[in-house]
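Listed below, chain by chain, are the residues.
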Amino acid sequence: MKRIAIIGTGYVGLVTGAGLSDFGNKVICTDVDREKIDKLKQGQVSSFEPGLRDLVIRNVDARRLSFTADVGKSVQESEVVFIAVGTPMADNGEADLSAVKETARTIGQNLNDYKVVCTKSTVPIGTGEKIRSIIQENCPQDNGFDIVSNPEFLREGSAVKDFLIPNRVVIGSDSERALKIMRNIYRPLFINETPILITDIVTAETIKYAANAFLATKISFINEIANLCDATGADVHVVARGMGLDGRISPKYLHPGPGFGGSCFPKDTQALVHQAENLGVELNVVKAVIEANEAQRKKVMEKLDQLIGKDLKDKTVTVLGLAFKSNTDDVRLSPAIPVIEDLLARGAEVKAFDPEAMNNMRVLFPTITYCDSLNLAVSEADAVIVMTDWHEFRGMNLEEVARRVKHKVLVDARNILNPRELKRLEFKFQNIGRPNVR
Ligand code: NAD
């Protein structure tokens, strides 16, 4: 059992803290957001993530998991410190490392004994060494410490499962002592035969960016093939299945849609391109992925134009789905954002419904109408746009929707509705890359 501090109790930090405590470690999660910590102390998990609340409560009750707003104290009391603060996109596209640097300073100032400092945040290649220097500069006496890179691969919406049963764990370090401690922390996964990839720090940092850029590439690739299908009449789903049956390709991440969003792919692809440019290396594929994604984010409105034209004055448009994907309340860089912006700019009245993400979207768009249910949202709509692949939307009663809307006009940006059913109910509709599945 190790004493662990997690600095940054956001999506990744809370899942990591709860997961590592479930492995039997004694974990203290800390954050500069005092309100978040106060809520967690009262058993309130503010973000929606399946299974997370139960995992947190179970480990708090077992006295393995606790919370504090005192970052310094949490460092002092731990043998291993995980950095899980945000690394958002700066205005120039690079990763903003201010929170990581501040955390490194705090760790240095509170280094009262040997510690392993482990980075979970997604950080530019070479950040491990920067963290080492900052800690050294801020450390009143040299108590010794080691740097580890342990990138996180969890997906929001299935984060708990991804953390507890990962397909791999990557650990980068140049210290045998630190590696021994890290192996100990992840011991339950060794028993499950999870592949544990041990490497150096720079390679571990690179793996994270390379993995995210590759997944983003698959998404942009199938989106462009879907656009081709729109022009040729082919069915992109059958194309994707035909491709994915080849084991070298795999069917995963071959689902077309409105472009990727969220807190990772957009910022990580941008950050990777910037890092490479600073090193004089051209990442042409990743640049094209970003460009294709920006174009894809405009497709939804182009499809609405084809159905009802550009002028949306006096028209009510319903957006179903605000989260960047299903099973999360996260709206960071959600594809729904540019759609709502464009609808408002064209004079539409916007109604919206999402099972979990409405509170977060309210911060960005306080004036649109948020509805309590799907049925209320579609009532009297001139057009409906499906933006997120929630199960609730997959199973929507289209006959009821047809009865409630003012005009039967629909864009299915996730291809989750049955085109034959839409046709039978006489909807004018568009989807992504399935023009002839009518
Ligand atoms: P988040 O915004 O949900 O959480 C970050 C937390 O860090 C916030 O609660 C914030 O208050 C806190 N924080 C900021 N500065 C701090 C400081 N100086 N001291 C203590 N706390 C501080 O972000 P997230 O989605 O959890 O992502 C964290 C990191 O993990 C990022 O680098 C991200 O790229 C990476 N990551 C995210 C995911 C994901 O799906 N969200 C997956 C893998 C990796």
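Residues numbered from 1 in each chain as written. Predicted model: local features only at pLDDT ≥ 70, side-chain atom pairs only at ≥ 80, totals over all residues. Heavy atoms only, no water.

1. Remarks on the overall build of the protein chain
What counts is decided by this rule: Runs of H or I in DSSP of at least four residues are treated as helices and runs of E of at least two as strands, each being numbered from the N terminus. Only C-alpha atoms enter the radius of gyration; for comparison, a globular chain is expected to reach 2.2 Å times N to the power 0.38, where N is the number of residues. Contact criterion: two residues are considered in contact whenever any of their non-hydrogen atoms come within 4.5 Å of each other. Accessibility throughout is a Shrake-Rupley quantity obtained with a 1.4 Å probe, and a residue counts as covered only by protein chains that appear here.
Scanning the protein chain from terminus to terminus reveals 19 helices and 14 strands. What you see for the protein chain is a C-alpha radius of gyration of 23 Å, in line with the 22 Å of a compact globule of 438 residues. Overall, the C-alpha framework of the protein chain stretches about 75 × 45 × 40 Å when taken along its three principal axes. When contacts within the protein chain are restricted to residue pairs at least 6 apart in sequence, long-range pairs at least 24 apart make up 74% of them. For the protein chain, the exposed area adds up to about 19500 Å²; of that, 50% sits on carbon and sulfur atoms.

2. Some thoughts on the domain arrangement of the protein chain
This is how it is decided: For each domain, the first and last residues come from an automatic or database assignment. When two components associate, each loses some accessible surface as probed by a 1.4 Å sphere; the sum of these losses over both components is called the buried area. Any Lys or Arg side-chain nitrogen found within 4 Å of a carboxyl oxygen on Asp or Glu counts as a salt bridge. Pairs of N or O atoms within 3.5 Å make up the polar contacts considered here, provided that, within protein, one atom can donate a hydrogen while the other can accept it, and that residues adjacent in sequence are counted only when both atoms are side-chain atoms. Gly falls in the polar group here, along with every residue not listed as nonpolar (Ala, Val, Leu, Ile, Met, Phe, Trp, Tyr, Cys, Pro) or charged (Asp, Glu, Lys, Arg).
According to the domain assignment, the protein chain consists of domain 1 (3-199), domain 2 (209-295) and domain 3 (299-430). Just the C-alpha atoms count here: the centres of domain 1 and domain 2 sit 29 Å apart. Counting residues at the interface gives 15 residues for domain 1, matched by 13 residues for domain 2. Here domain 1 meets domain 2 over a buried area of about 960 Å², counting both sides, of which 59% is carbon and sulfur. When the area that domain 1 buries against domain 2 is broken down by residue, the three leading residues are Met89, Glu94 and Thr122, summing to 39%. There are 0 salt bridges connecting domain 1 and domain 2. Linking domain 1 with domain 2 are 3 residue pairs in polar contact (both at pLDDT 80 or more). A per-class count over the side of domain 1 that touches domain 2 returns 7 nonpolar, 4 polar and 4 charged.

3. Looking at the pairing of strand E5 (residues 115-119)
What counts, and what does not: Burial classes follow relative accessibility: with a 1.4 Å probe on protein chains only, a residue under 20% of its type's maximum area counts as buried, one over 50% as exposed, and anything between as partly exposed. Paired strands are those between which DSSP finds at least two bridges. Looking down the strands as they point away from the viewer, one classifies a crossover as right-handed if the path from the first strand across the helix to the second runs clockwise.
Burial analysis of E5 places 5 of its 5 residues in the buried class, the great majority of the element. Burial along E5 is two-sided: the face carrying Lys115, Val117 and Thr119 and the face carrying Val116 and Cys118 are both buried. Both strand E4 (residues 80-83) and E5 contribute to a ladder of 4 bridges, which runs parallel. If you follow Val81 over to E5, its bridge partner there is Val117. The handedness of the E4 to E5 crossover, carried by helix H5 (residues 98-109), is right-handed. Between E5 and its parallel partner strand E6 (residues 145-149), the chain crosses via helix H6 (residues 127-138), and the hand of that crossover is right-handed.

4. Considerations on the site of the ligand
The condition is simple: The nearness test applies per residue and asks whether one of its heavy atoms lies within 4 Å of the molecule or strand.
Taken together, 27 residues sit near the ligand, with Asp31, Lys36, Thr87, Glu156 and Lys267 positioned nearest. Here a nitrogen atom of the ligand sits 3.4 Å away from a polar atom, N or O, in the main chain of Val32. When the ligand sits alone it has 830 Å² of accessible area, and the protein chains cover 88% of it. At the level of elements, helix H1 (11-22) and H5 are the ones that each hand at least two residues to the shell around the ligand. Per-element tally for the shell around the ligand: the top contributor is H5, with 3 residues. Across the shell around the ligand, the residue classes tally to 9 nonpolar, 9 polar and 9 charged.

5. Describing the nonpolar core
Just so we agree on the cut-off: In this text, buried Ala, Val, Leu, Ile, Met, Phe, Trp, Tyr and Cys residues form a nonpolar core when linked through side-chain atoms within 4.5 Å.
Counting 53 residues, the largest nonpolar core has Leu320, Leu322, Leu343, Met361, Ile385, Phe393 and Met396 as the members making the most contacts within it. Take this core: its biggest share by element is 5 residues, from helix H14 (residues 336-345). In this view, Leu322 contacts Val331, Ser334, Ala336, Ile340, Ala352, Asp354, Ala357, Met358, Met361, Tyr370 and Thr388; residues no more than four positions away in its chain are not counted. Formed by 38 residues, the second largest nonpolar core is a distinct cluster that contains Ile6, Val27, Phe82 and Tyr186.

6. A word on helix H8 (residues 176-185)
Applicable threshold: Summarising the geometry, the arc corresponds to the directions from the helix axis toward the C-beta atoms.
The set of residues buried in H8 consists of Ala178, Leu179, Ile181, Met182 and Ile185. For H8, the angular spread of the buried residues around the axis is 160°, confining them to a single face. In this structure, H8 carries Glu176 and Lys180 as exposed residues pointing more than 90 degrees from its buried face. Two to three positions downstream of the cap, the backbone nitrogen of Arg177 sits 3.3 Å from a side-chain oxygen, assigning the N-cap of H8 to Ser175.

7. Thoughts on the sheet that holds strand E3 (residues 65-68)
Note the cut-off: Structural elements are reduced to axes, namely lines fitted to C-alpha atoms, with helices fitted over the stretch in contact, and the angle between N-to-C directions of any two is expressed from 0 to 180 degrees.
On the basis of which strands lie adjacent, the open sheet formed by 8 strands has the order E3-E2-E1-E4-E5-E6-E7-E8 and mixed pairing. Of all the strands in the sheet, just E3 and strand E8 (196-199) have a single pairing partner and so form its edges. Going from strand to strand, the sheet's axes swing by 25° on average, the running direction of each strand aside. Two strands pair when backbone bridges link them, and strand E7 (residues 169-173) and E8 are joined in this way by 4 bridges, in the parallel orientation. Opposite Ile171, over in E8, you have Ile198 as the bridge partner. Sheet strands in contact with H5 are strand E1 (3-7), E4 and E5, and its direction is about 165° off that of E4.

8. Details of helix H12 (residues 265-278)
An α-helix turns once per 3.6 residues; consequently, residues spaced three or four apart project the same way. Here is the rule: What a helix is expected to span follows from its residue count: subtract one and scale by 1.5 Å.
For H12, spanning 14 residues, the distance from its first C-alpha to its last is 20 Å, which sits close to the expected 20 Å at 1.5 Å a residue. The element H12 is largely enclosed, with a buried count of 12 among its 14 residues. All buried positions along H12 are accounted for by Phe265, Pro266, Lys267, Asp268, Thr269, Gln270, Ala271, Leu272, Val273, His274, Gln275 and Ala276. One or two residues past the end of H12 sits Gly280, with phi positive at roughly 75°.

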